[in-house]
Amino acid sequence: MRTVIVVGASLAGLHAVRELRAQGFDGRLVVIGAEPHMPYDRPPLSKSFLAASMASTASTAPAPTTGTITTTSTTTALTAPATGTPPTPGAPTTLATPTTSIGAVPAPAPVTADEPDLTLADDEELAELDAEWLLGTPATGLNTGSRAVLLADGRAVVGDGVVIATGATARSLPGPPLAGVHTLRTLDDARALRTALTGRPRRVVVIGGGFIGAETASSCVTLGHDVTVVEAAPLPLIPQFGSDMAAFCADLHRRGGARLLTGTGVASLHPAPRSACASDSGGRVAAVELADGRLLPADVVVVGIGAQPNTAWLEDTWLDGGGGALRDGVPCDEGCVTALPQVIAVGDVARVGGIRAEHWTSATEQPRVAVRNLLAARTVESANAFPYFWSDQYGSRLQFAGHRPAAATVRVEEGGLNPDDGGFLAVYEHEGHPTAVLAVDRPRAFMRARRELRARRAAVV
């Protein structure tokens, strides 16, 4: 294997690159990213990044180069191959005139003086990884016969192996776009929302009481805005925590200073009268109409109703199985190996053993197993990532690890659910055995319980 292409300059993609080098692959590595940014840390976007001071917006770093491949020796641009059979992996590729940049790596995402540092890899590590980065140009197709990744600008990159790490995209509401309506998934999303929240207090409506919605609402309250959270379910986070702990999460909103409306969905978004938004060609949001008829005035609307895997570029390939197979991610076996030879998938986009998990652990732990299987040209190890995630809401840190079966019961083992108790540690049990743990502001107790759960799981496996 001489060339491996990693599609997705994400957390999972970066970990795949690290694993390829760590496991002895010394060939050509090409990383393709739809965003113009080097891999960055996403969890802070709805937390510290959004709540950071907006005092300065002057750029202190140049914009990254887009549409180029950068190596540790020369920056070059690939031209599109001739029509017909793509070139053989490792064969000479037609190159445009190289730039004069020597030993360069792509510039990081532009940083403003008040932004937290989201960089996942520094210059020294990037040089050691010796990968070529094609940023700002999304993949649009995969030639399964030659393993050629097609790009939006007409180019193609051919490899011997492909790592799919394209992640997921925030779901949006149906209807025409309106100014003032935001999703929060990418760095550019977060910057746009921060700008919208700058200045005078705004009436903010957050649609969806999941983790992104709750964290965004918390940050908006911290910034002094009037916040209403709309959740269609009876309580927020029932699928993740169950009803008992979901009730605690609902109280977090109320104690934190946000209004929480549950049990009703959104019927439509209302634009402001044209005279009030002449500068916005598509109109500007003015209110959110709920399914029960209530109308919520809104200056800013944040849509946090989940994400869908980025698989559209793989339609019409064998991975699609004749249509519809990619709806909930790229199907893989237990080792992250797809039905196509030398093609693996990791992170939010991968449906491993029938399960797609949007967890930090999926992005950081799956690549080790997946890369081992890629280099072995068969599945020699299964990915058994132990789910773990955390959320910062209204000054409290929620941490969860493990699996919560629908029939699991939960008991508070330490602390209590009242505000004066200073947090708690809760254990989920199923058929007489602990399966998951939830902690609020009990980091030491949580780490101990998480280690015990992992050890128990390893002994069973």
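Each value, and the rule that gives it
- Residues numbered from 1 in each chain as written.
- Predicted model: local features only at pLDDT ≥ 70, side-chain atom pairs only at ≥ 80, totals over all residues.
- Heavy atoms only, no water.
- pLDDT = per-residue confidence, 0-100.
- Contact = heavy atoms within 4.5 Å.
- Core = buried A, V, L, I, M, F, W, Y, C linked by side-chain atoms within 4.5 Å.
- Buried < 20%, exposed > 50% of the residue type's maximum accessible area, 1.4 Å probe, protein only.
- Helix = DSSP H or I, 4+ residues; strand = E, 2+ residues; numbered from the N terminus.
- Pairing = 2+ DSSP bridges.
- Axes fitted to C-alpha atoms, helices over the stretch in contact; angles between N-to-C directions.
- Parallel < 35°, antiparallel > 145°, perpendicular 65-115°, else oblique.
- Left-handed = near helix turned anticlockwise from the far one by under 90°.
- Nonpolar A, V, L, I, M, F, W, Y, C, P; charged D, E, K, R; others polar.
- Phe/Tyr/Trp six-rings, centres within 6.5 Å; stacked < 30°, edge-to-face > 60°.

1. As for the confidence of the model for the protein chain
Then step 1. Mean pLDDT over the protein chain: 86, with 84% of residues reaching 70 or higher.
Then step 2. Contacts for the low-pLDDT stretch residues 53-106, under 50 throughout, to residues beyond four places or in other chains number 115 contacts.

2. Focus on the nonpolar core
Then step 1. Counting residues in hydrophobic clusters, the biggest one holds 55 residues, and the most contacted among them are Trp133, Val149, Ile164 and Val330.
Then step 2. Considering every element that reaches this core, the biggest residue donor is helix 1 (residues 11-22), with six residues.
Then step 3. Counting 39 residues, the second-largest nonpolar core is a separate cluster that includes Met245, Ala258, Leu398 and Ala436.

3. Looking at the sheet that holds strand 24 (residues 396-402)
Then step 1. Strand order in the open sheet made by the five strands is 23-24-27-26-25, with antiparallel pairing throughout. Single-partner strands in this sheet number two, and they are strand 23 (388-393) and strand 25 (409-415). When strand polarity is set aside, the average angle formed by the axes of neighbouring strands in this sheet is 20 degrees.
Then step 2. Sheet topology places strand 25 next to strand 26 (residues 424-430); six bridges connect them, and they run antiparallel. Following the sheet pairing, glycine 415 is matched in strand 26 by phenylalanine 424.
Then step 3. Packing against the sheet, helix 6 (residues 238-256) makes contact with strand 23, strand 24, strand 25, strand 26 and strand 27 (433-440), and its axis sits at approximately 170 degrees to strand 24.

4. Structural notes on the packing of helix 1 against helix 7 (residues 360-376)
Then step 1. At a closest axis distance of 8 Å, the pairing of helix 1 and helix 7 adopts a crossing angle of 40 degrees. By the angle class used here, helix 1 and helix 7 are oblique. Between helix 1 and helix 7 the crossing geometry is right-handed. In this structure, helix 1 contributes Leu11, Ala12, His15, Ala16, Glu19 and Leu20 to the contact, and helix 7 contributes Trp360, Ala363, Thr364, Pro367, Arg368, Val371, Leu374 and Leu375.
Then step 2. Its residues assigned to classes, the contact of helix 1 with helix 7 shows 10 nonpolar, two polar and two charged.

5. Here we look at the environment of glycine 167
Then step 1. Within the element layout of this structure, glycine 167 appears in the loop between strand 9 (161-164) and strand 10 (168-170).
Then step 2. Considering only alpha carbons, one finds glycine 167 and glycine 347, 180 residues apart in sequence, at a separation of 6.4 Å.
Then step 3. Contact partners of glycine 167, with chain neighbours within four places excluded, come to Pro309, Asn310, Asp348 and Val349.

6. Considerations on the packing of aromatic side chains
Then step 1. Inspection of the entire model under this criterion finds 10 aromatic pairs.
Then step 2. Measuring from ring centre to ring centre gives 6.3 Å for phenylalanine 241 and phenylalanine 389, while their planes differ by 20 degrees; the resulting arrangement is stacked. Of the two residues, phenylalanine 241 is situated in helix 6 and phenylalanine 389 in strand 23; the sequence distance between them amounts to 148 residues.
Then step 3. Their ring planes at 40 degrees and their centres at 5.7 Å tell us that phenylalanine 241 and phenylalanine 400 sit as a pair that is tilted. Of this pair, phenylalanine 241 sits in helix 6 while phenylalanine 400 is found in strand 24, placing the two residues 159 residues apart along the sequence.

7. Notes on the sheet that holds strand 17 (residues 295-297)
Then step 1. Spatially, the three strands line up as an open sheet ordered 15-16-17, and their pairing is antiparallel. In this open sheet, the two strands that pair with only one neighbour each are strand 15 (266-271) and strand 17. Neighbour-to-neighbour, the strand axes of the sheet open up by a mean angle of 25 degrees, direction not taken into account.
Then step 2. The pairing of strand 16 (residues 285-290) with strand 17 spans three bridges and is classified as antiparallel. Bridge pairing in strand 17 places valine 288 opposite leucine 296.

8. Looking at the pairing of strand 16
Then step 1. In this structure, strand 15 lies alongside strand 16, joined through five bridges in antiparallel fashion. Its bridge partner being in strand 16, serine 268 is matched across the sheet by glutamate 289.
Then step 2. Linking strand 16 back to strand 17 in an antiparallel pair, the connection comprises four residues, with glycine 293 at a positive phi of about 100 degrees.

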